[in-house]
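In case you want the letters, here they are:
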Amino acid sequence: KNEVEQSPQNLTAQEGEFITINCSYSVGISALHWLQQHPGGGIVSLFMLSSGKKKHGRLIATINIQEKHSSLHITASHPRDSAVYICAVFLNTDKLIFGTGTRLQVFP
Amino acid sequence: DGGITQSPKYLFRKEGQNVTLSCEQNLNHDAMYWYRQDPGQGLRLIYYSQIVNDFQKGDIAEGYSVSREKKESFPLTVTSAQKNPTAFYLCASSMMMVISGELFFGEGSRLTVL
């Protein structure tokens, strides 16, 4: 079993829909990172969080340390949100483990 | 603008050849990393460096080599000893080691071995 599991693996949506991507992990962590990988391959950091909730524009990230679970929400989705979203966890040993990503396609 | 520049974006090589991927950052970051990405897998750490003239092996260092002669530069050489080198390679940097700060990534280099 992978230490970091993302769901769903693939997600399609119509423009305007509310999107949720989930990340579950099985190890103790000190923080969690949400990343966005563009179709060209470059990766951009969206959030780094260790508790609670963070919001940036239409993106919201939450984490529940006790349940070992994080969610990334996108409100009013747009075709430009189409990308691969990657969850990565910082282990207490300073190691960073990446999930396999969720591929999101938003259609007009 | 500050950022990380990787080159080349696409690279083809014949089996048995070494190839070097460039990574340059102007963010004044101490730590730099090389990751490999394969379809259906999470990013895996090849090498990392916390300071000039020092670097450490990651989880999949076999068949790769790096150098860190300048703070801004962290080139990766894929040697002929790497058995399955076709992959997407990403360079990243952070102010200090990952646990302390945000990661910044380059645009990646796609290596194909013919």
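Located above this text is the structure these notes cover.
Enquirer: Can you help me understand the sheet that holds strand 7 (residues 59-64) of chain A in this one?
Expert: Strands pair in a sheet through their backbones, by hydrogen bonds, and they do so in one of two ways: parallel or antiparallel. Residue and element names in this part refer to chain A. With antiparallel pairing, 5 strands are arranged side by side in an open sheet as 1-3-8-7-6. Because the sheet does not close on itself, it has two edges, and the strands there are strand 1 (4-7) and strand 6 (52-56). Within this sheet the neighbouring strands show an average axis-to-axis angle of 15°, counted without direction. Where strand 7 and strand 8 (residues 69-74) come together, 6 bridges link them in antiparallel fashion. Considered in strand 8, the bridge of Ile60 is made with His73.

Enquirer: I'm lost on the packing of aromatic side chains in this one. Help?
Expert: The geometry of two aromatic rings is summed up by the distance between their centres and the angle between their planes. Applying the stated rule across the entire model yields 5 aromatic pairs over all chains. Ring geometry for A:Phe98 against B:Tyr35: centres 5.1 Å apart, planes inclined by 75°, an arrangement best described as edge-to-face. Highlighted residues: A:Phe98 in strand 10 (residues 96-98) and B:Tyr35 in strand 4 (residues 31-37), drawn from two different chains. Grouping residues by exposure puts A:Phe98 and B:Tyr35 together as buried. Plain terms: the ring middles of B:Tyr47 and B:Phe55 are 5.9 Å apart, the flat faces sit at 80° to each other, and that makes the pair edge-to-face. Judged by its relative accessible area of 8%, B:Tyr47 falls in the buried class. By relative accessible area, B:Phe55 is classed as partly exposed at 34%. Grouped by ring-pair contacts, the aromatic residues A:Phe98, B:Tyr33, B:Tyr35 and B:Phe105 constitute a single cluster.

Enquirer: Hey, could you run me through the side chain of B:Arg13 in this one?
Expert: All names here are of chain B. Position of Arg13 relative to the elements: it lies in strand 2 (residues 10-13). Buried and without a salt bridge, Arg13 has Glu15 as its closest oppositely charged side chain, separated by 7.5 Å. One polar contact links the side chain of Arg13 to the main-chain carbonyl oxygen of Gln17, over a distance of 2.8 Å. A polar atom in the side chain of Arg13 sits 3.2 Å from the backbone oxygen of Val78. With residues up to four places along the chain from it excluded, the contact list for Arg13 reads Asn18, Val19, Val78, Thr79, Ser80, Gln82, Pro85, Leu111, Thr112, Val113 and Leu114.

Enquirer: Explain the interface of chain A and chain B to me, please; I cannot follow it from the model alone.
Expert: Listed by partner, the interface residues are 19 residues for chain A and 18 residues for chain B. Here chain A and chain B share an interface that buries about 1500 Å² over both sides, 63% of which is from carbon and sulfur atoms. For the pair chain A and chain B, the number of links is 1 salt bridge. Of the charged contacts in the structure, one is a salt bridge between A:Lys95 and B:Asp59, with a shortest N-O distance of 3.3 Å. Summed over the shared surface of chain A and chain B, the result is 4 residue pairs in polar contact (both at pLDDT 80 or more). Secondary structure elements with two or more residues in the side of chain A that touches chain B: strand 4 (29-37), strand 5 (43-49), strand 9 (83-91) and strand 10 of chain A. Top contributing element to the side of chain A that touches chain B by residue count: strand 4 of chain A, with 4 residues.

Enquirer: It is not clear to me how the layout of surface pockets should be interpreted in this structure. Could you clarify?
Expert: Empty pockets left among the atoms are what a rolling probe the size of a water molecule brings to light. Computed from the structure, the largest pocket encloses a volume of approximately 590 Å³. Surrounding the largest pocket, 25 residues form its lining, A:Gln37, A:Val84, A:Arg103, B:Gln37 and B:Pro39 being those nearest its centre. Secondary structure elements with two or more residues in the lining of the largest pocket: strand 9 and strand 11 (102-107) of chain A together with strand 9 (87-94) of chain B. The dominant element in the lining of the largest pocket, judged by the number of residues it contributes, is strand 11 of chain A, at 4 residues. For the lining of the largest pocket, the class distribution of residues is 7 nonpolar, 15 polar and 3 charged. Along the wall of the second largest pocket there are 16 residues; nearest its centre are A:Ile97, A:Phe98, B:Gly42, B:Leu43 and B:Arg44. Of the residues forming the lining of the second largest pocket, the biggest block, 3 residues, is contributed by strand 10 of chain A. Looking at the lining of the second largest pocket residue by residue, the classes come out as 8 nonpolar, 4 polar and 4 charged.

Enquirer: Even after reading the chapter, I still don't get a nonpolar patch on the surface, so can you show me in this structure?
Expert: A cluster of nonpolar side chains, contributed by B:Tyr10, B:Phe12 and B:Leu114, occupies part of the molecular surface with about 400 Å² of accessible area. For B:Leu114, the location among the structural elements is in the segment after strand 11 (109-113).

Enquirer: How should the pairing of strand 2 of chain B be read in this particular structure?
Expert: Remark: a regular strand shows side chains that alternate across the two faces of the sheet. Residue and element names in this part refer to chain B. Of the two faces of strand 2, the one holding Leu11 and Arg13 is buried and the one holding Tyr10 and Phe12 is not buried anywhere. The sheet contact formed by strand 2 and strand 11 spans 4 bridges and is parallel. Across the sheet, Phe12 pairs through a bridge with Thr112, a residue of strand 11.

Reading the values: the criteria
- Residues numbered from 1 in each chain as written.
- Chains lettered and ligands numbered in written order.
- Predicted model: local features only at pLDDT ≥ 70, side-chain atom pairs only at ≥ 80, totals over all residues.
- Heavy atoms only, no water.
- Pairing = 2+ DSSP bridges.
- Helix = DSSP H or I, 4+ residues; strand = E, 2+ residues; numbered from the N terminus.
- Axes fitted to C-alpha atoms, helices over the stretch in contact; angles between N-to-C directions.
- Phe/Tyr/Trp six-rings, centres within 6.5 Å; stacked < 30°, edge-to-face > 60°.
- Buried < 20%, exposed > 50% of the residue type's maximum accessible area, 1.4 Å probe, protein only.
- Lys, Arg positive; Asp, Glu negative; His and termini not counted.
- Salt bridge = Lys/Arg side-chain N within 4 Å of Asp/Glu carboxyl O.
- Polar contact = N/O pair within 3.5 Å; in protein donor to acceptor, adjacent residues only side chain to side chain.
- Contact = heavy atoms within 4.5 Å.
- Buried area = accessible area lost by both parts, 1.4 Å probe.
- 1 Å grid on protein atoms, 1.4 Å probe; cavity = no way out; pocket = protein on both sides within 12 Å on 5 of 7 lines; lining within 4 Å.
- Points joined across faces, edges and corners; volume = space filled by probe spheres on them.
- Nonpolar A, V, L, I, M, F, W, Y, C, P; charged D, E, K, R; others polar.
- Patch = residues over 30% accessible without salt bridge, like charges linked within 9 Å, V, L, I, M, F, W, Y side chains within 5 Å.
- Areas by Shrake-Rupley, 256 points an atom, 1.4 Å probe, with all protein chains shown as cover.

Geometric descriptors of this kind do not, in isolation, establish any biological role.
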